[in-house]
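Below are the chains, spelled out letter by letter.
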Amino acid sequence: MKKLIVGNLKMNLLSPSERERYFKSFKNELKGKVFKKAEIVLCPPSIHLESFVENLKNKTVKIGAQDMFWESEGSYTGEVSPEMVKASGAEFIIIGHSERRKYFGETNETVNLKIKVALKKGLTPIVCIGETKEEKDMEITMDVIIQQIQDGLRDINRTQVGRIIFVYEPIWAVGSDIVPSSNEIMGARLLIKKILTEKYGSKYIEKIRIIYGGSVKPKSVNQVCVEPGMDGVLVGRESLVPLELIKIAELVNKQ
Ligand code: PGA
């Protein structure tokens, strides 16, 4: 299984000209580089999906959306459907990002609806889980993760689960420049594996990729990905600078 570098561009690249500059710089940085053991998934705002697919999608670079609704079509003002994401040429979908949970009322139940529809429509779900600072201080991280996985995976069977990518993204590490120790990340990885093994059996989850997200930078890749044996990273701010994102991809690829 290839390692994964997911670039979450969030609500950035405000105009077509900014987007064009991004393409130019991304292509420049990627030129001549071969990633045998890693792939990059860029997740732009939905309005840019098609042009990202047209301009950057190739063997190494795949495209994903940052969110979607669970219904296919109809009177849902402002929403983007799984069919629309799929038709754009995107293959991945981030689900349950902490910013969706915080600002837009995403819950474990809506995460579950979205995972199910993504799997049904042939999109690869990138599912974010992790605890807040308060939950960490209360020492209930394990309970939070168990709940998020159990609710999020309701009615998902063992033949489907292997297609899900899990992101351990402690919310206090997002945008904060503080990252957990590699032991903490390894602990979360083992916990996620244990929950999944108990639920589905080891055979069905051996290929599942578990990646880390939250303040990933080239200088922290060792600590957050290599040392704890993660299958990749989810990168926010640094993904806006192709030079940095590709540096991160090179480090993960060498792992
Ligand atoms: P960050 O964001 O890398 O800027 O911390 C990560 C994320 O929220 O996806």
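The structure presented is a predicted model; accordingly, all values stated were derived computationally and were not measured.

S.K.: Got a minute to help me understand helix α12 (residues 242-254) in this structure?
M.R.: Side chains three or four residues apart in an α-helix point the same way, a direct result of the helix having 3.6 residues per turn. Here α12 is 13 residues long and its end C-alpha atoms lie 18 Å apart, about the 18 Å a rise of 1.5 Å per residue gives. Buried residues of α12: P242, E244, L245, I246, I248, A249, V252 and N253, and no others. Residues of α12 that are buried sit in contact with β1 (3-8), α1 (16-30), β2 (38-43), α11 (221-226) and β8 (232-235).

S.K.: Explain the sheet that holds β8 here, please?
M.R.: Strand pairing in a sheet relies on backbone hydrogen bonds, with the paired strands running either antiparallel or parallel. Strand order in the closed barrel formed by 8 strands is β1-β2-β3-β4-β5-β6-β7-β8, with parallel pairing between adjacent strands. Strand-to-strand twist of the sheet, defined as the mean angle between neighbouring strand axes without regard to direction, takes the value 25°. Along the sheet, α12 makes contact with β1, β2 and β8, crossing β1 at roughly 165°.

S.K.: Any chance you could explain the pattern of salt bridges here in plain terms?
M.R.: Side chains that differ in sign of charge can pair as their charged atoms come close. Going through the model one piece at a time under the given rule, you end up with 19 salt bridges. Between E20 and R19 there is a salt bridge, with its nearest N and O atoms 3.9 Å apart. In this structure, E184 engages K136 in a salt bridge whose closest nitrogen and oxygen atoms are separated by 2.7 Å. Remark: K136 occurs in helix α6 (residues 133-137) and E184 occurs in helix α9 (residues 182-200); sequence separation between them is 48 residues.

S.K.: Whenever I open this one, the packing of α1 against α12 confuses me. Can you help?
M.R.: Any two packed helices are characterised by how steeply their axes cross, that is the angle between the axes, and by the distance between the axes. Running from N to C, α1 and α12 point in directions that differ by 35°, and their axes come no closer than 9 Å. Here α1 runs over α12; the crossing is right-handed. Residues Y22, S25, F26, E29 and L30 of α1 form the contact with α12, whose own contacting residues are P242, L243, L245 and I246. Residue classes in the contact of α1 with α12 are distributed as 7 nonpolar, 1 polar and 1 charged.

S.K.: Looking at this model, I keep getting lost on the environment of V226. Mind explaining?
M.R.: Mapped onto the secondary structure, V226 falls in helix α11. In sequence terms V226 and L251 are 25 residues apart; their C-alpha atoms lie 8.8 Å from each other. Ignoring sequence-local partners within four residues, the contact set of V226 consists of V221 and Q255.

S.K.: What should I look at first to understand the site of the ligand in this one?
M.R.: With respect to spatial proximity, 13 residues lie near the ligand, and among them K10, H97, G175, L234 and R237 are the closest. For the ligand, an oxygen atom lies 3.2 Å from a polar atom in the side chain of N8. Within the backbone of G175, one N or O atom sits 2.7 Å away from an oxygen atom of the ligand. Residues belonging to the shell around the ligand are distributed by class as follows: 4 nonpolar, 6 polar and 3 charged.

S.K.: Please explain unusual backbone geometry as it appears in this structure.
M.R.: If a residue is not glycine, its phi is most likely negative; likewise, a peptide bond is most likely trans. Even without glycine at this site, E139 takes up a positive phi of about 60°. Relative to the elements of secondary structure, E139 occurs in the loop between α6 and α7 (141-152). Even without a glycine there, the phi angle at S215 is positive, about 55°. By the secondary structure assignment, S215 is in the loop between β7 (209-213) and α11.

S.K.: Sorry if this is basic, but what is going on with the packing of aromatic side chains here?
M.R.: Aromatic ring pairs: the centre-centre distance and the angle between the two ring planes describe each pair. Under the defined criterion, the tally for this structure stands at 7 aromatic pairs. Ring plane angle 75° and centroid distance 4.9 Å describe the contact between F23 and F52, whose orientation is recorded as edge-to-face. Here the residue F23 occupies a position in helix α1, and F52 occupies one in helix α2 (residues 49-56), the gap between them amounting to 29 residues. For F52, a relative accessible area of 0% corresponds to the buried category. Ring centres of Y103 and F104 lie 6.3 Å apart, and the angle between their planes is 70°; this geometry places the pair in the edge-to-face category. When its relative accessible area of 54% is taken as the criterion, Y103 is described as exposed. Of the aromatic side chains, those joined through ring pairs into one cluster are Y22, F23, F26 and F52. Across from the ring centre of F104, 4.0 Å away, lies the NZ or CZ of R100, which sits over that ring.

S.K.: Help me understand the pairing of β2, please; the structure alone is not making it clear to me.
M.R.: Along any regular strand, the residues point their side chains to alternate faces of the sheet. Most of β2 is tucked away: 6 of the 6 residues are buried. Here β2 shows two buried faces, one formed by A38, I40 and L42 and the other by E39, V41 and C43. Where β1 and β2 come together, 6 bridges link them in parallel fashion. Bridge pairing in β2 links K3 to A38. On the question of chirality, the crossover connecting β1 to the parallel β2 by way of α1 is right-handed. Relative to strand β3 (residues 61-65), β2 is paired through 3 bridges, and the arrangement is parallel. Its bridge partner being in β3, I40 is matched across the sheet by V61. The parallel pair β2 and β3, bridged by α2, forms a crossover whose chirality is right-handed.

Criteria and thresholds
Starting afresh in each chain, residues are numbered from 1 along the sequence in its written order. Two thresholds apply to this predicted model, a pLDDT of at least 70 for residue-level local features and 80 or more for giving and counting side-chain atom pairs, whereas whole-chain, interface and lining totals are computed over all residues. Note that the side-chain values use all heavy atoms of the structure and ignore hydrogens as well as water. Numbering of helices and strands runs from the N terminus; a helix is a DSSP stretch of H or I covering at least four residues, while a strand is a stretch of E covering at least two. Under the convention used throughout, the expected extent of a helix is 1.5 Å for every residue step, that is, one less than its residue count. A simple rule labels every residue: compare its accessible area, found with a 1.4 Å probe on the protein chains alone, to the largest value its type can have, and call it buried under 20%, exposed over 50%, or partly exposed in between. In what follows, a contact means two residues having at least one pair of non-hydrogen atoms within 4.5 Å. Strand pairing is assigned whenever DSSP identifies at least 2 bridges connecting the two strands. Whenever a helix is involved, its axis is fitted only over the stretch in contact; in every case the axis is a line through C-alpha atoms, and angles between N-to-C directions fall within 0 to 180 degrees. Salt bridges, as used here, are contacts in which a Lys or Arg side-chain nitrogen is within 4 Å of a carboxyl oxygen on Asp or Glu. Note on convention: near helix rotated counterclockwise from far helix by under a right angle means a left-handed crossing. Clockwise means right-handed. Note that Gly is not counted as nonpolar here; it falls among the polar residues with everything else outside the nonpolar set of Ala, Val, Leu, Ile, Met, Phe, Trp, Tyr, Cys and Pro and the charged set of Asp, Glu, Lys and Arg. Nearness here has a simple test: a residue counts as near a molecule or strand if at least one of its heavy atoms is within 4 Å of that partner. Think of a polar contact as two N or O atoms within 3.5 Å of one another; within protein, one of them needs to be a possible hydrogen donor and the other a possible acceptor, and neighboring residues in sequence only count if both atoms come from side chains. When the centres of two rings from Phe, Tyr and Trp lie within 6.5 Å, Trp using its six-membered ring, the rings pair. Their planes under 30 degrees apart give stacked, over 60 give edge-to-face, and anything left gives tilted. Over a ring means this: the NZ of a Lys or the CZ of an Arg is within 6 Å of the ring centre and within 35 degrees of the ring normal. With the strands pointing away from the viewer, any crossover whose connection runs clockwise from the first strand over the helix to the second is right-handed.

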